[in-house]
Amino acid sequence: MKLLSRLLTGFCPLLALGCASHQTQTPYDLVITHANVVDVETGQVRPNQTLAITAGQIRRLENTSRTLAATRTIDAQGKYLIPGLWDMHVHFRGGDSLTTANRNLLPLYLAHGITTVRDAGGDLTPALFAWREQIRAGRLAGPTIYTSGPKIDGPKAFWAGSLEVETPAQIEQALDSLQRLRVDYVKIYESTISREAFLNTISAAEKRGLTTTGHMPYSATLGEASDRGLDATEHLYYVFKACSAKEDSITQAVQNSLRTAKPLGLFAVLPTVYRTYDPAAAARIYRTLVKNKTAVVPTLYIQKLLAELPETDHSRDTLLAYIDPKIQATYARRLAGARAQSAATRAFNKQLGAKFTALVPAMQQAGVVLLAGSDSGASNSYVYPGTSLLGELELLVQAGLSPVQALQAATINGARFLKADQHAGTIRAGNDADLVLLEQNPLANIRSLRQINTVIAHGQVYTAADLRRMLLAVKH
């Protein structure tokens, strides 16, 4: 027995060593070596990092030169690894006849490093859910999709597929239907919704624990919407109105006009808002947004593009070749409206854009959470999927944000807003393997986001050549 015990004592360490050796030889799906990992939370770069990825998840992240067994290895020497970008305002819409055309936009997002998008309301919800499952299963190349499903609006809403509400009962029915669909959040729109229905929708959704975002009628104020629980405001028109020293009287004038034959809309009162901008009022609304954790989606890029639309010829845009002619046809309405603008309106739109740009660094300094969104999609003329978000980030930096602050708006801020930050938005062990490998450091120059070497989405590797082939497949 003593001899057997001694033999077992000597054998067990060897057995353990053999088991450990066997375990280390189990190959990971992908290993990335020598990467400069950009920490978007701290703004620091961690050099010479090794990432091991299996089943679409980062399993290891460490500073090591140790060789790890892998089915595929990428040497990232001299390159920079960032989390996949999030476009926090896109649209898939246009009805059944545009379903395929919308699906063909998905590769454009991946080709520009965007691995997650937030659909801000449309009329293709069943298709979106189908695409989402196909993407998760690896049968369709595209970004992770979060969606609001149909928008909530008032009677005779502008956008097709909207849920039209006026009474408390209709609001509850609309929210019931959205919860049955299992949407990711609730989007409220302002084309015909009343002040009361808008605010009551926020309150009703808040009671259910639902996240809400929206455009808002100028008959309500952003402050009261934020106090009701609005989680994010889309675009800057509503923040801007709250920066007016005359916000209350403007709001009252809009409310009074609703009882007349010529109700005042957003664009009718914007010149008055512009003239009455007040830094003290701006500081107050920023404090309210911070207190209530109401985020802002600036969408500077589309505002600039639309302001310049009357004088810009987009007919030779290279990306137009990837947009289905059916979607291109939806650009006509905005284009015709832009060309019909007076010289005074064109000048004002550019002044407004400059003022909107100035709001961004002030909000960032005040602690308002900013989310980067492009507003790309059918009907939004020449706001191309993918490149428009990169343009948005460049404009955020031009406005005064640092590159890391702009990156936060397109990564961790989006993940936190959609309550996905426990597995997305940063590069760390346990997170989804949604990554972008860049040739240059984006913290030094935000335009480095356009120098993509490799995109990894759901653990699937897309080299620059792969991305080019994907785009060629949808080129018209």
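Residues numbered from 1 in each chain as written. Predicted model: local features only at pLDDT ≥ 70, side-chain atom pairs only at ≥ 80, totals over all residues. Heavy atoms only, no water.

Trainee: Report on the overall build of the protein chain, specifying residues and quantitative values.
Mentor: For the protein chain, the helix and strand inventory stands at 19 helices and 17 strands. A compact globule built from 476 residues would reach a C-alpha radius of gyration of about 23 Å, and the protein chain, at 25 Å, matches this within 12%. The dimensions of the protein chain, computed from C-alpha atoms along their principal axes, are 100 × 50 × 45 Å. Per-residue burial over the protein chain gives 55% buried out of 476 residues. Relative to all contacts within the protein chain whose residues are 6 or more apart in sequence, the contacts with residues 24 or more apart total 73%. Carbon and sulfur atoms make up 52% of the accessible area of the protein chain, which totals about 20600 Å². Computing the positive centroid from 49 side-chain charges and the negative centroid from 39, the protein chain places the two 2 Å apart. (Helix = DSSP H or I, 4+ residues; strand = E, 2+ residues; numbered from the N terminus. Rg over C-alpha atoms; globule rule 2.2 N^0.38 Å. Buried < 20%, exposed > 50% of the residue type's maximum accessible area, 1.4 Å probe, protein only. Contact = heavy atoms within 4.5 Å. Areas by Shrake-Rupley, 256 points an atom, 1.4 Å probe, with all protein chains shown as cover. Lys, Arg positive; Asp, Glu negative; His and termini not counted. Charge placed at Lys NZ, Arg CZ, Asp CG, Glu CD.)

Trainee: So, the pattern of salt bridges: which residues are in play, and what are the values?
Mentor: Evaluated as defined, the whole model comprises 16 salt bridges. With a closest N to O distance of 3.7 Å, Asp227 and Lys291 form a salt bridge. Within this pair, whereas Asp227 is found in helix H7 (residues 222-228), its partner Lys291 is found in helix H11 (residues 279-292), the two being separated by 64 residues in sequence. For Asp227, a relative accessible area of 51% puts it in the exposed group. (Salt bridge = Lys/Arg side-chain N within 4 Å of Asp/Glu carboxyl O.)

Trainee: Explain the environment of Gly78 to me, and be specific about the residues and the numbers.
Mentor: On the secondary structure map, Gly78 appears in the loop between strand S4 (70-75) and strand S5 (80-83). The spatial distance from the C-alpha of Gly78 to the C-alpha of Asn441 is 9.4 Å, given a sequence separation of 363 residues. In this view, Gly78 contacts His34, Asn36 and Glu439; residues no more than four positions away in its chain are not counted.

Trainee: Provide a residue-level description of the packing of helix H12 (residues 300-308) against helix H16 (residues 387-399), including the pertinent values.
Mentor: Packing of H12 against H16 brings their axes to within 8 Å, and their N-to-C directions diverge by 95°. On the basis of the axis angle, H12 is roughly perpendicular to H16. From H12, Leu300, Tyr301 and Lys304 reach across to H16, where they touch Ser388, Gly391, Glu392, Leu395, Leu396 and Ala399. The residue makeup of the contact of H12 with H16, split by class, is five nonpolar, two polar and two charged. (Axes fitted to C-alpha atoms, helices over the stretch in contact; angles between N-to-C directions. Parallel < 35°, antiparallel > 145°, perpendicular 65-115°, else oblique. Nonpolar A, V, L, I, M, F, W, Y, C, P; charged D, E, K, R; others polar.)

Trainee: Let's hear about H12: which residues, and what values?
Mentor: Those residues of H12 lying buried are Leu300, Ile302, Gln303, Leu305 and Ala307. Structurally, H12 contributes buried residues whose contacts are with helix H8 (237-242), helix H15 (343-366) and H16.

Trainee: Which residues make up unusual backbone geometry, and what values do they have?
Mentor: Generally, phi is negative for residues other than glycine and the peptide bonds are trans, each holding for most cases. One non-glycine residue with positive phi stands out, namely Arg182, at about 65°. Among the secondary structure elements, Arg182 is positioned in the loop between helix H5 (168-181) and strand S11 (186-188). Judged by its relative accessible area of 68%, Arg182 is exposed. In this model, Asp375 sits at a positive phi of 65°, which is unusual for a non-glycine residue. Of note, Asp375 is situated in the loop between H15 and H16. The buried category is assigned to Asp375, whose relative accessible area is 7%.

Trainee: Run through the side chain of Arg118, naming residues and quoting values.
Mentor: Turning to its location among the elements, Arg118 is positioned in strand S7 (residues 114-119). Residue classification places Arg118 among the buried residues on the basis of a relative accessible area of 0%. Reaching out from Arg118, the side chain makes a polar contact with the side chain of Glu234 at a distance of 3.0 Å. Setting aside its immediate chain neighbours within four residues, Arg118 contacts Asp87, Met88, His89, Val90, Tyr146, Tyr185, Thr213, Glu234, Val297 and Leu418. (Polar contact = N/O pair within 3.5 Å; in protein donor to acceptor, adjacent residues only side chain to side chain.)

Trainee: Go over the environment of Val404, please, and point to the residues and values.
Mentor: As for its position among the elements, Val404 is in helix H17 (residues 403-409). Of the residues examined, Val404 reaches a relative accessible area of 17% and is grouped as buried. Remark: the alpha-carbon pair of Val404 and Asp75, spanning 329 residues in sequence, is separated by 25 Å. For Val404, the residues in contact, after removing those within four places along its chain, are Val40, Gly43 and Leu443.

Trainee: Can you break down the packing of aromatic side chains residue by residue, with the values?
Mentor: One pass over the structure, following the stated rule, counts 14 aromatic pairs. Ring plane angle 65° and centroid distance 6.3 Å describe the contact between Phe92 and Tyr109, whose orientation is recorded as edge-to-face. Within this pair, whereas Phe92 is found in the loop between strand S6 (85-90) and helix H2 (99-103), its partner Tyr109 is found in helix H3 (residues 106-111), the two being separated by 17 residues in sequence. The residues Phe92 and Tyr109 share a single accessibility class, namely buried. Consider the rings of Phe92 and Trp131, whose centres lie 5.8 Å apart with planes at 80°: the pair is edge-to-face. Here the residue Phe92 occupies a position in the loop between S6 and H2, and Trp131 occupies one in helix H4 (residues 125-136), the gap between them amounting to 39 residues. Taking the relative accessible area as the measure of exposure, Trp131 reaches 4% and is therefore buried. Among the aromatic residues, those joined into a ring-pair cluster are Tyr218, Tyr237, Tyr238, Phe240, Phe267, Tyr274, Tyr277, Phe348 and Phe356. When the ring centre of Trp159 is taken as origin, the NZ or CZ atom of Arg93, which lies over that ring, is 4.0 Å away. (Phe/Tyr/Trp six-rings, centres within 6.5 Å; stacked < 30°, edge-to-face > 60°. Lys NZ or Arg CZ within 6 Å of the ring centre and 35° of its normal.)

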